[in-house]
Amino acid sequence: MADRLTQLQDAVNSLADQFCNAIGVLQQCGPPASFSNIQTAINKDQPANPTEEYAQLFAALIARTAKDIDVLIDSLPSEESTAALQAASLYRLEEENHEAAARLEEVVFRGDMLLEKIQSALADIAQSQLKTRSSTHSQPLPDS
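Here, residues in each chain are numbered from 1, in the same order as that chain's written sequence. Selection of residues for local features in this predicted model requires a pLDDT of at least 70, selection of side-chain atom pairs for listing and counting requires 80 or more, and totals for whole chains, interfaces and linings are taken over all residues. The side-chain values count all of the structure's non-hydrogen atoms but skip hydrogen atoms and water molecules.

The protein goes by Mediator of RNA polymerase II transcription subunit 21 in an unreviewed UniProt entry, where it is assigned to Pavo cristatus. What UniProt states about the protein under its Subcellular location (unreviewed entry) heading is, verbatim, "Nucleus". UniProt positions are given in the numbering used here, feature names are shortened, and annotations may be inferred rather than shown by experiment. We quote the UniProt Sequence similarities (unreviewed entry) comment for the protein here in full: "Belongs to the Mediator complex subunit 21 family."

Next comes the structure, spelled out in structure tokens:
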């Protein structure tokens, strides 16, 4: 994923493209202006163009892109964020990371101890079952 400045650059370029496209489409579809009451038969026969729809479409696109640009600008680090503040924040995050690692090691250790107890209990159960089976097979069957 691109960094925030690249995203901002792309959004500004997109906004510029939208402005250019909007102006081009509106020029192409806009009704011709009359000069000194001179109108030709060609101008009278031209069908109505959907300039209102284009205007709404481009207005919505431009407004959405402008909002995206505002969000990207707001997400940039402020000028108040100095190297010292960033270093302090990183140091605090490292401390939290070490504390979490210590808690994780403790939980893993307790889990390993519990696993050993469970394995020992299962081994005892298996031995008991083997002894029970061997003692039942070695005893003679009662006569019926």
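## Describing the overall build of the protein
Secondary structure elements are taken from DSSP: a helix is a run of H or I of four residues or more, a strand is a run of E of two residues or more, and numbering for both begins at the N terminus. Helix and strand content of the protein: four helices and zero strands. Overall, the protein shows an N-to-C arrangement of helices and strands of α-α-α-α. Relative accessible area decides the class of each residue, using a 1.4 Å probe on protein chains only: under 20% of the type maximum gives buried, over 50% gives exposed, and in between gives partly exposed. Burial statistics for the protein: of 144 residues in total, 8% are counted as buried. Within the protein, contacts between residues at least 6 apart in sequence are counted, and of these 81% link residues at least 24 apart. Residues are treated as being in contact if the distance between any of their heavy atoms lies within 4.5 Å.

## Thoughts on the nonpolar core
Residues L8, A11, L15, A22, F58, I62, I69 and L72 constitute the largest nonpolar core, which totals eight residues. For this core, the secondary-structure elements that each account for two or more residues are helix 1 (4-29) and helix 3 (51-75). Sequence-distant contacts of A22, defined by excluding residues within four places in its chain, comprise F58 and I62. The definition of a nonpolar core used throughout is a set of buried Ala, Val, Leu, Ile, Met, Phe, Trp, Tyr and Cys residues joined through side-chain atoms within 4.5 Å.

## Considerations on helix 1
Here helix 1 is 26 residues long and its end C-alpha atoms lie 37 Å apart, about the 38 Å a rise of 1.5 Å per residue gives. Within helix 1, the full set of buried residues consists of L8, A11, L15, Q18, A22 and C29. Residues of helix 1 that are buried in the fold lie against helix 3. Here the expected length of a helix is defined as 1.5 Å per residue gap, with one fewer gap than residues.

## Quick look at the side chain of T65
Locating T65 in the fold gives a position in helix 3. A distance of 2.9 Å separates a polar side-chain atom of T65 from the backbone oxygen of L61. Pairs of N or O atoms are called polar contacts if they sit within 3.5 Å, as long as, within protein, a hydrogen donor faces a hydrogen acceptor (for residues adjacent in sequence, only side-chain-to-side-chain pairs).

## Comments concerning the pattern of salt bridges
The salt bridge criterion pairs a side-chain nitrogen of Lys or Arg with a carboxyl oxygen of Asp or Glu, the two atoms within 4 Å. As enumerated under the stated definition, the model contains one salt bridge in all. Here R110 ties to E106 by a salt bridge, and the two come within 3.7 Å at their closest N and O atoms. Linking R110 with E106, this pair stays in helix 4 (residues 83-138), spanning four residues, or about one helical turn. Classification of E106 by relative accessible area gives partly exposed; the value is 46%.

## What about the confidence of the model for the protein?
Of all residues in the protein, 82% attain a pLDDT of 70 or more, and the chain-wide mean is 84. The pLDDT value tells you how sure the predictor is about a given residue, anywhere from 0 up to 100. Within the protein, the lowest mean pLDDT, 49, falls on helix 2 (residues 41-45), and the highest, 92, falls on helix 4.

## Re a negative patch on the surface
A contiguous patch of negative charge on the surface is contributed by E94, E95, E96 and E99. Position of E95 among the secondary structure elements: in helix 4. Only residues above 30% relative accessible area that lack a salt bridge enter a patch, with like-charged residues linked at up to 9 Å and the nonpolar side chains Val, Leu, Ile, Met, Phe, Trp and Tyr linked at up to 5 Å. All accessibility values rest on the Shrake-Rupley procedure with a 1.4 Å probe; residue burial counts only the protein chains present in the view. For the charge count, each Lys or Arg is scored as positive and each Asp or Glu as negative, with His and the chain ends excluded. Charge coordinates come from a single atom per side chain, which is NZ of Lys, CZ of Arg, CG of Asp or CD of Glu.

## Concerning helix 3
Since the α-helix packs 3.6 residues into each turn, any two residues three or four apart lie on the same face. The end-to-end C-alpha distance of helix 3 is 36 Å, a good match for the 36 Å that 25 residues give at a rise of 1.5 Å each. For helix 3, every residue scored as buried is listed here: F58, I62, T65, I69 and L72. Among the structural elements, helix 1 are those in contact with the buried residues of helix 3.

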